[in-house]
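Residue-level structure breakdown
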Amino acid sequence: MSCPFSGAALNGMFPTPNTNGNNSSTKDKNKPEKLTYGNYLHLDQVLGSNVMQSELHGDPIHDEHLFITVHQVYELWFKQILYEMDSVREMLSSIPVDESHMLLINTRMGRINMIMKLLLEQVHVVETMTPFDFSAFRCYLGGSSGFESYQFRVLENKLGIVPGWRTSYAQKSYTHVHHGPYLEDIKQAEKEPSMLNLVERWLERAPGLEEDGFNFWARFSDSVERMLEDKSDEVKNIENEAEKEIAKAEYETLKETFDSILDVSIHDKLRTRGERRLSHKALQGALLISFYRNEVRFHQPYQFLSLLMDLDSLLMKWRSNHMLMAQRMIGSKAGTGGSSGYQYLRSTVSDRYKVFVDLFNLCTFHLPPAYIPQLPRRVKRMLSIPNSPQMPTVDMERLSLAFKKRMEEDSHKELSVQEENSA
């Protein structure tokens, strides 16, 4: 494989000028080694790293080669995912977030998700082995386990999983199998702002949440109250007693559901229990973007929230596939690293490992179109300003300040008109 425009391909096509009169074939001893496909990719190291333990013990088992290859490829892709995620976290860490970076953020998040889809498919490659094929070399794995993948732990931490959410591993901390630089990287990832932290701060700054501006939350609360009143009236008008009782129960459930988001104290209790992740203000921002996703300024933010849910879904599917594969290969036996094997993996396939669970549950609080607060014309106009080469991009925080200024100007104008009329 070679590029048709590389130096190797052009070599010999044109004569090389001889400016010093020396023989052109004289080689410079200090000249660096010619870059080739093999040494550029360090293929001697990559391809030479598949060392079968069964072969070292004089009993080469064919399928161990596949087992090693698949897991090495996993680690390479984890490295790439971390590389992409770090770049996204860096862009999200600026205050305010540069709106012109949103397309790049979404592109790289989409790339991460495409990689995760590949990792999902790799599980099926491993499943071409039978349990008998795997058991033939499992005894040579010793205490090594996929649980020791430090890159996956770093990935989880950078995404937003905290130690308190994790299932204990053999009654020990998830870090007990890691040492030296690997442990340092895992601990450092715990300390750094995660994707969840950065997304939360970004959502809290969404334009339209300001109490002295559009004040979305006050309008949303009014709409919910109006909707519940209409539902209550509908229940009262039901004549059949049995149907009325069912409708009453449904109404109470609906009211309780919306109380859990309108009442900050209830939300905070749910957050303390780990049932919610985002702050109350961030949840407001997510709902705002969701309701007004068709406005130009919210196109990319809404897509970003969707990509975060896609990543969570893919990771959950990967955990599920891994769990089922383990059950298929070893049944209820203990894992090689000392875990309960299938039972431990099954415990990780739950909402406690879903970082952006609040985004999944956002539709719980969606309102029928007739109850969604209408955007004032001046706000809608500013949210509909398209990006163009002639117009500098407006970041989210600057747009928020613009809302306030415009509303203040309009208020002053209205007061002036009223004073003139009264005079």
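For the structure given in this document, a descriptive report is provided here.

1. Notes on the overall build of the protein
Helix and strand counts for the protein stand at 19 helices and zero strands. Within the protein, the fraction of its 423 residues that count as buried is 40%. Residue pairs in contact within the protein that sit at least 24 positions apart in sequence constitute 77% of those at least 6 positions apart. A total accessible area of about 24,600 Å² is found for the protein, and carbon and sulfur atoms account for 54% of it.

2. Considering the layout of surface pockets
Empty space within the second largest pocket amounts to approximately 380 Å³. Around the second largest pocket sit 21 residues that line it, and Ser 290, Phe 291, Tyr 292, Arg 293 and Ile 372 are the ones nearest its centre. Elements supplying a minimum of two residues to the lining of the second largest pocket: α14 (280-291) and α15 (299-330). If you tally residues by element for the lining of the second largest pocket, the top one is α15, at four residues. A per-class count over the lining of the second largest pocket returns 13 nonpolar, five polar and three charged.

3. Here's the deal with empty space enclosed by the protein
Counted by the stated rule, this structure contains one cavity of 30 Å³ or more. Taken as a whole, the largest cavity encloses approximately 40 Å³ of empty space. In terms of lining residues, the largest cavity is bounded by Phe 152, Glu 156, Leu 159, Ile 161, Leu 315, Arg 319, Tyr 353 and Val 355. Within the residue set of the lining of the largest cavity, elements represented by two or more residues are α8 (150-159) and α15. No other element matches α8, which puts three residues into the lining of the largest cavity.

4. Here's the deal with a nonpolar patch on the surface
A contiguous nonpolar patch, built from Leu 35, Tyr 37, Tyr 40 and Leu 41 and spanning about 460 Å² of accessible area, is present on the exposed surface. Mapped onto the fold, Tyr 40 is located in helix α2 (residues 37-40). Relative accessible area serves as the criterion here: at 59%, Tyr 40 is assigned to the exposed category.

5. A look at the pattern of salt bridges
Close approach of charged atoms allows side chains with opposite charge to pair. All told, the structure shown has 16 salt bridges when counted by the stated rule. The closest approach of N and O atoms between Lys 158 and Asp 86, which form a salt bridge, is 3.0 Å. With a gap of 72 residues between them, Lys 158 in helix α8 and Asp 86 in helix α5 (residues 62-93) connect regions that are remote in the sequence. Since its relative accessible area comes to 12%, Lys 158 is described here as buried. Overall, Asp 86 belongs to the partly exposed group, its relative accessible area being 29%. We note a salt bridge from Glu 127 to Arg 328, for which the minimum N-O separation is 3.8 Å. With a gap of 201 residues between them, Glu 127 in the loop between α6 (102-126) and α7 (131-138) and Arg 328 in helix α15 connect regions that are remote in the sequence. Because the salt bridges share partners, they merge into one network encompassing Asp 86, Arg 89, Lys 158 and Glu 192.

6. Describing the packing of aromatic side chains
One pass over the full model with this rule turns up 19 aromatic pairs. Between Phe 67 and Phe 134, the aromatic rings sit 5.5 Å apart at their centres with planes inclined by 40 degrees, giving tilted as the arrangement. Remark: Phe 134 occurs in helix α7 and Phe 67 occurs in helix α5; sequence separation between them is 67 residues. Neither Phe 67 nor Phe 134 differs from the other in exposure class; each is buried. For the ring pair Phe 220 and Phe 291, a centre distance of 5.9 Å and an interplane angle of 35 degrees mean the geometry is tilted. With Phe 220 in helix α11 (residues 216-236) and Phe 291 in helix α14, the pair connects residues that are 71 residues apart, well separated along the chain.

Each value, and the rule that gives it
The residue numbering used here restarts from 1 in each chain and proceeds along that chain's sequence as written. In keeping with the predicted nature of the model, local features appear solely for residues at pLDDT of at least 70, side-chain atom pairs appear and are counted solely at 80 or more, and the whole-chain, interface and lining totals rest on all residues. Based on all heavy atoms of the structure, the side-chain values leave hydrogens and waters out of the count. The numbering of helices and of strands both runs from the N terminus, where a helix is a DSSP run of H or I of at least 4 residues and a strand a run of E of at least 2. Whether a residue is buried, partly exposed or exposed follows from its accessible area with a 1.4 Å probe, protein chains only, as a fraction of its type maximum: under 20%, in between, or over 50%, in that order. Here a residue-residue contact requires only that any non-hydrogen atoms of the pair lie within 4.5 Å. Note on areas: Shrake-Rupley with a 1.4 Å probe; residue coverage comes only from the protein chains shown. Throughout, the protein atoms alone are placed on a 1 Å grid, and a set of points is a cavity if a 1.4 Å probe fits but cannot get out or a pocket if it is open with protein on both sides within 12 Å along at least five of seven lines; lining residues have an atom within 4 Å of a point. Grid points are joined across faces, edges and corners, and a volume is the space filled by probe spheres set on the points. Residues were grouped as follows: Ala, Val, Leu, Ile, Met, Phe, Trp, Tyr, Cys and Pro as nonpolar; Asp, Glu, Lys and Arg as charged; and all remaining residues, including Gly, as polar. Nonpolar side chains (Val, Leu, Ile, Met, Phe, Trp, Tyr) within 5 Å and like charges within 9 Å form the patches, drawn only from residues with over 30% relative accessible area and no salt bridge. Salt bridge, as used here, is a side-chain nitrogen of Lys or Arg placed within 4 Å of a carboxyl oxygen of Asp or Glu. Ring geometry is summarised as follows: Phe, Tyr and Trp rings, the Trp one being its six-membered ring, pair when their centres sit within 6.5 Å, and such pairs are stacked at plane angles under 30 degrees, edge-to-face over 60 and tilted between the two.

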